[in-house]
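# Report on the structure
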Amino acid sequence: MVACRDNQIMKTLTFAVQQVIQEHMQDRPTLLWYDPGGTLQDVISKAVPSGVRLLPWEGSYLAVRRHVEEADPRFEQRWLVYGPEAAPDPSWLRDWELF
């Protein structure tokens, strides 16, 4: 019974995260999701809406910036950049945060 309840909680959480992503990306090409502690790390990959490309942070915001700007220099696609940590200060992606 506990596994069933846990599964339902995960589905509800995934749906809620997906709704937040969709809402924020309606009129923006990027969403930077900072998640101190990585509490949603397992949920994010399941919650990415269709048409949005997930780019997990792997240690370098400059590498993220390079990847997106080479793959999509005009920001014609929609990108979700997920970082399992607090936003850096200053942010290397501040201009993307302001889209």
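Criteria and cut-off values
Throughout this document, residue positions are counted from 1 along each chain, in the order its sequence is written. Per-residue local features of the predicted model are confined to residues with pLDDT of at least 70, and side-chain atom pairs are confined, for both listing and counting, to 80 or more; whole-chain, interface and lining totals are unaffected and use all residues. With hydrogens and water stripped out, all remaining heavy atoms of the structure feed into the side-chain values. Comment: elements are numbered from the N terminus, with helices defined as DSSP H or I runs of at least four residues and strands as E runs of at least two. Here the term buried applies to any residue with accessible area under 20% of the maximum for its type, exposed to any over 50%, and partly exposed to those in between, with areas from a 1.4 Å probe on protein chains only. It only takes one pair of heavy atoms within 4.5 Å for two residues to be counted as in contact. Per-residue accessibility takes into account occlusion by the displayed protein chains alone, with areas from the Shrake-Rupley method and a 1.4 Å probe. Any carboxyl oxygen of Asp or Glu that lies within 4 Å of a side-chain nitrogen of Lys or Arg is treated as forming a salt bridge with it.

This part is about the overall build of the protein. In terms of helices and strands, the protein carries four helices and three strands. In the protein, the succession of helices and strands from N to C terminus is α-β-α-β-α-β-α. Within the span of the protein, comprising 99 residues, buried residues form 34% of the whole. Long-range contacts, defined as pairs at least 24 residues apart, comprise 78% of the intrachain contacts of the protein with a sequence gap of at least 6. In the form shown here, the protein has an accessible surface area of approximately 6,500 Å², with 53% of it arising from carbon and sulfur atoms.

Further remarks concern the side chain of Thr14. Summarising the element assignment, Thr14 is placed in helix H1 (residues 2-24). You can call Thr14 buried: its relative accessible area is 13%. Setting aside chain neighbours within four positions, we find Thr14 in contact with Val43, Lys46 and Ala47.

The next subject is the pattern of salt bridges. In the structure shown here, the tally under the stated rule is two salt bridges. Here Arg65 makes a salt bridge to Glu69, at a shortest N to O gap of 3.3 Å. With Arg65 and Glu69 both in helix H3 (residues 61-71) and four residues apart, this pair spans about one turn of that helix. Judged by relative accessible area, which is 17%, Arg65 ranks as buried. Glu69 sits in the partly exposed class, given a relative accessible area of 31%. For the salt bridge of Arg66 with Glu70, the shortest nitrogen-to-oxygen distance reads 3.0 Å. Taken together, the positions of Arg66 and Glu70, both in helix H3 and four residues apart, correspond to about one turn of that helix.

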